[in-house]
Amino acid sequence: MRFFSVFGIRVEIDRSFWLLPFVLTGWTVWQDGWAVGVRMFVLVLCVFLCVLGHELTHSLRALSLGIRVPVITLYPMGGVASLARIPKDPWQEFSVAIVGPLFNFALAALFYFPMKSWLKQDLFSPGLDTWPRMFANVFWVNPVLGVFNLVPAFPMDGGRMLRSLLSAKLSYITATRIAVFLGRLFAIIFFVLGVWKNHWMLAMVGIYVFFAASKEMRQALGENERT
């Protein structure tokens, strides 16, 4: 479903996207009542605004390199900026990958003192029982997103950065194979930890990363055959 366009990039919302806010909100309402449920719904939407900013940053860097970005799609597990091509130059791929986490770190740094002044001690005790503590959650989403995306689990940002560094010394396909192997390994770790700790969101991220890494490997092999 098309949402809006910015800088010539379509921003679309996958139909499955709405499962997350409504399922989490419904569960929270059932457990803790409507007031907490409403705060959960707002929190999830704020998280996806941060994700959208993250993906727009990737896209703008790609556009600056002459790489077309037709669409950004928001899914329950996050966002995907669909680049028309993956830059083969290691520095270009590294720069496109790293700007996303840098955006989240910069946003957290920009809002730290205003949020600390407004929320005071609530900034360091995020929760859903009050609106100030809910907004504390929104603040901490950005450093968490930044750090999590630096994990070298291809095709996450850290994995793409790893491939770019490897491809400076190895062939593009060899670098991709290594990055995909590590991506699948991290995906299995995410899934096992998610099931073990009863953190189903992490388990779902593990499933997503595993299959996304496999898809990227097939894409890289296809591009290699065409060149």
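Since the model is a prediction, treat every value here as computed from it, not as a measurement. (Residues numbered from 1 in each chain as written. Predicted model: local features only at pLDDT ≥ 70, side-chain atom pairs only at ≥ 80, totals over all residues. Heavy atoms only, no water.)

S.K.: Which parts of the structure should I look at to understand the side chain of serine 164?
M.R.: Considering the arrangement of structural elements, one finds serine 164 in helix 5 (residues 157-167). According to the relative accessible area criterion, serine 164 is buried, its value standing at 2%. Ignoring anything within four residues of it in the chain, the contact list for serine 164 reads Pro90, Glu93 and Phe94. (Helix = DSSP H or I, 4+ residues; strand = E, 2+ residues; numbered from the N terminus. Buried < 20%, exposed > 50% of the residue type's maximum accessible area, 1.4 Å probe, protein only. Contact = heavy atoms within 4.5 Å.)

S.K.: Teacher, can you tell me more about the packing of helix 3 (residues 90-119) against helix 5 here?
M.R.: Packed helix pairs are characterised by how far apart their axes lie and by the angle those axes make with each other. Taken N-terminus to C-terminus, the directions of helix 3 and helix 5 make an angle of 160°; their axes are 8 Å apart at the nearest point. Looking at the two axes, helix 3 sits roughly antiparallel to helix 5. For the crossing formed where helix 3 meets helix 5, the hand is left-handed. In this structure, helix 3 contributes Pro90, Glu93, Phe94, Ala97, Ile98, Gly100 and Pro101 to the contact, and helix 5 contributes Asp157, Arg160, Met161, Arg163, Ser164, Leu165 and Ser167. A per-class count over the contact of helix 3 with helix 5 returns 7 nonpolar, 3 polar and 4 charged. (Axes fitted to C-alpha atoms, helices over the stretch in contact; angles between N-to-C directions. Parallel < 35°, antiparallel > 145°, perpendicular 65-115°, else oblique. Left-handed = near helix turned anticlockwise from the far one by under 90°. Nonpolar A, V, L, I, M, F, W, Y, C, P; charged D, E, K, R; others polar.)

S.K.: What's the story with the nonpolar core in this structure? I'm lost.
M.R.: It is characteristic of soluble globular proteins that their nonpolar side chains tend to be buried jointly. In this structure, Leu43 and Leu128 are the most contacted members of the largest nonpolar core, which totals 17 residues. Here this core gets 8 residues from one element, more than from any other, and that element is helix 2 (residues 34-64). Residue contacts for leucine 43: discarding those within four places in its chain leaves Leu128, Met134, Asn137 and Val138. (Core = buried A, V, L, I, M, F, W, Y, C linked by side-chain atoms within 4.5 Å.)

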